[in-house]
Amino acid sequence: WMQRYFASQASLIRVFSRSSVTRACAALELGEDKICVVAEGDFSGYYPNATTRAQARSRLGLGMDELVLLWLGSIRPYKGLHELIDAFHQTAQPDWRLVIAGKPFIQSYAAEIAAQIQGDPRIQFHPTFIAENELQIYYNAADAVVLPFVEVENSGSVCVAMGFCKPIVAPNLGVIGERLRHQPELVYRPGGLSEALKRLASLPSARRTEIGADNLRE
């Protein structure tokens, strides 16, 4: 009710994609004349990005020949970390690595994540705020970013990963499928995370590089 009330008082409501308009109108009980579509901006060039892949992997204790997956952001239940860890346990090969980093929103949830990881040396867990000048360490160490949202409409984490020239494994929810339309092999339907991780691993490194470059241009 509160959201609908404030929306009714506004002159315009911004959404990030044309695909959000119908959902926004239904949720806020508004006509389309109040909706303005303005895509989220480009984060490339905002965050420091001078660290090489070798330097970044050395900082995190990662090997140069390992397949490194990154999840980075505010640690919250809707972002699908339980599902990611389950999928990693089901599909990961010995040379795969998963790095999870970010500030926990709920400490008890972070404790659940730590317990789920316990005993798997292939997974690093950094439950702390990552400073802006440190983001480059995590992104440049990664071969791909995995963002397995359980529910989402828009994601700044997707935009940041695109700005760091990374392939992104993510569900076709909200505006994500539209934003990542040029890397369809890595956008999956809900429930398809494990298969998407397998597809990522099977991609030639040249294709992963191409996807990352396309994401940066977008």
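Residues numbered from 1 in each chain as written. Predicted model: local features only at pLDDT ≥ 70, side-chain atom pairs only at ≥ 80, totals over all residues. Heavy atoms only, no water.

Student: What am I meant to see in the packing of helix 4 (residues 81-91) against helix 5 (residues 107-117) here?
Tutor: What describes two packed helices is the angle between their axes and the distance between those same axes. Taken N-terminus to C-terminus, the directions of helix 4 and helix 5 make an angle of 5°; their axes are 10 Å apart at the nearest point. The orientation of helix 4 relative to helix 5 falls into the category roughly parallel. Packed against helix 4, whose contacting residues are Leu81, His82, Ile85, Asp86 and His89, the element helix 5 presents Tyr109, Glu112, Ile113, Gln116 and Ile117 at the interface. For the contact of helix 4 with helix 5, the residue count by class is five nonpolar, three polar and two charged. (Axes fitted to C-alpha atoms, helices over the stretch in contact; angles between N-to-C directions. Helix = DSSP H or I, 4+ residues; strand = E, 2+ residues; numbered from the N terminus. Parallel < 35°, antiparallel > 145°, perpendicular 65-115°, else oblique. Contact = heavy atoms within 4.5 Å. Nonpolar A, V, L, I, M, F, W, Y, C, P; charged D, E, K, R; others polar.)

Student: What's the story with a nonpolar patch on the surface in this structure? I'm lost.
Tutor: Together, Trp1, Met2, Tyr5 and Phe6 make up a nonpolar patch on the protein surface, roughly 530 Å² of accessible area in all. Within the fold, Trp1 resides in the segment before helix 1 (2-9). Relative accessible area serves as the criterion here: at 65%, Trp1 is assigned to the exposed category. (Patch = residues over 30% accessible without salt bridge, like charges linked within 9 Å, V, L, I, M, F, W, Y side chains within 5 Å. Areas by Shrake-Rupley, 256 points an atom, 1.4 Å probe, with all protein chains shown as cover. Salt bridge = Lys/Arg side-chain N within 4 Å of Asp/Glu carboxyl O. Buried < 20%, exposed > 50% of the residue type's maximum accessible area, 1.4 Å probe, protein only.)

Student: Before we go on, may I ask you to explain the environment of Asp120 in this structure?
Tutor: Tracing the backbone shows Asp120 in the loop between helix 5 and strand 5 (123-126). For Asp120, a relative accessible area of 9% gives the class buried. Considered as a pair, Asp120 and Asp214 are 94 residues apart in the sequence and their alpha carbons are 33 Å apart. Those residues in contact with Asp120 that lie beyond four places of it in its chain are Phe88 and His89. Of the polar contacts made by the side chain of Asp120, one reaches the side chain of His89; its length is 3.1 Å. (Polar contact = N/O pair within 3.5 Å; in protein donor to acceptor, adjacent residues only side chain to side chain.)

The quantities given are spatial measurements derived from coordinates; they are silent on function.
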